[in-house]
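# Structural overview
What follows is each chain in one-letter form.
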Amino acid sequence: MNFEKRSKYSMVYQVAGDLRDNQVKVRSIITTYLNVCREELFDGHIVRFLGFFTLVPNEMKDEFISTTAMHCKMTAERLNLPYHTARGIIRKYFDSCKTDLKEGRPVEFRRLAKLVPSEEDGKITNVFGTISVTIGSELGTRSSGVTSARLHVCKILKRQLQQSDSLEVS
């Protein structure tokens with residue numbers, strides 16, 4: 001099991017290289033995307049990370065579930081970029097995160113959550129998720145009504161990782 005997580009900048013470098021795009025633009029899109037998700041959670045909305053996890057606030061404003069597409073649209077609007085650019089970079093970022101999990105590395109969604117795969121006999125058997133300490137403490141001090149949140153790891157992700165042949169990638 002590889003317990004060493006990759007830094008955000010390492011992932012930005014990889015995504016920018018894969019897409020042949022500017023690292024500054026990639027970093028700003030990923031950072032803005034994660035900030036949009038935090039704001040949605042603070043506002044009392046359920047936040048769903050495509051194929052990874054769902055964050056559920058203790059005090060929900062309504063039953064509306066904000067999705068990856070909506071977050072990409074908001075990110076693109078804030079950065080004055082086309083929607084497909086933001087969506088493409090976020091999808092590539094998510095692919096990179098899934099690859100890290102398949103290789104047995106923990107993945108941190110900066111200031112939101114952390115996913116840690118557990119392995120047994122060279123195979124991933126489960127994925128555990130925790131809410132970031134930062135967001136946990138920030139939620140406790142806000143006056144918006146949301147004081148805590150729960151994280152639910154997607155069952156599909158767990159299944160996908162369990163079906164991976166091995167932690168070794170050639």
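Note: the structure precedes this text.
Everything in this summary refers to the structure shown in the same document. (Residues numbered from 1 in each chain as written. Predicted model: local features only at pLDDT ≥ 70, side-chain atom pairs only at ≥ 80, totals over all residues. Heavy atoms only, no water.)

Scanning the chain for helices and strands turns up 6 helices and 7 strands. Going residue by residue from the N terminus, the α and β elements of the chain occur as α-α-β-β-β-α-α-β-β-β-α-β-α. For a compact globule of 170 residues, the expected C-alpha radius of gyration is about 15 Å, and the chain comes in at 16 Å, within 12% of that figure. Its C-alpha atoms give the chain principal-axis dimensions of about 45 × 35 × 25 Å. By residue count, 41% of the 170 residues in the chain fall in the buried class. Looking at the chain alone, contacts between residues at least 24 apart form 57% of all its contacts between residues at least 6 apart. (Helix = DSSP H or I, 4+ residues; strand = E, 2+ residues; numbered from the N terminus. Rg over C-alpha atoms; globule rule 2.2 N^0.38 Å. Buried < 20%, exposed > 50% of the residue type's maximum accessible area, 1.4 Å probe, protein only. Contact = heavy atoms within 4.5 Å.)

This part covers unusual backbone geometry. Positive phi, normally seen in glycine, also occurs at R20, with a value near 50°. Relative to the helices and strands, R20 is located in the loop between α1 (8–19) and α2 (23–42). The class of R20 is exposed, set by a relative accessible area of 80%. Even without being glycine, N80 reaches a positive phi, approximately 55°. The topology assignment puts N80 in the loop between α3 (68–79) and α4 (83–102).

All right, on to the side chain of T85 then. When you line up the elements, T85 lands in helix α4. Since its relative accessible area comes to 17%, T85 is described here as buried.

Here we have 3 strands laid out as an open sheet, ordered β4-β5-β6, and antiparallel in their pairing. The sheet is open, and its two borders are formed by β4 (107–109) and β6 (123–131), each paired with just one other strand. Across this sheet, the average inter-strand angle for adjacent strands is 20°, counted without regard to direction. Two strands pair when backbone bridges link them, and strand β5 (residues 113–120) and β6 are joined in this way by 8 bridges, in the antiparallel orientation. By the bridge assignment for β6, K114 is matched with T130. α4 rests against β4, β5 and β6 of the sheet, and its axis sits at about 145° to β4. Packing against the sheet, helix α6 (residues 155–163) makes contact with β5 and β6, and its axis sits at approximately 150° to β6. (Pairing = 2+ DSSP bridges. Axes fitted to C-alpha atoms, helices over the stretch in contact; angles between N-to-C directions.)

This part is about the pattern of salt bridges. One pass over the full model with this rule turns up 7 salt bridges. Across the salt bridge formed by E77 and K73, the nearest N and O atoms sit 2.9 Å from each other. Highlighted residues: E77 and K73, both in helix α3, separated by 4 residues, approximately one helical turn. Residue E77 is classed as exposed on the basis of its relative accessible area of 53%. We classify K73 as partly exposed; its relative accessible area is 46%. Residues joined by salt bridges that share partners form a network here, namely D100, E103 and R105. (Salt bridge = Lys/Arg side-chain N within 4 Å of Asp/Glu carboxyl O.)

Don't take any of this as a statement about function, it's just geometry.
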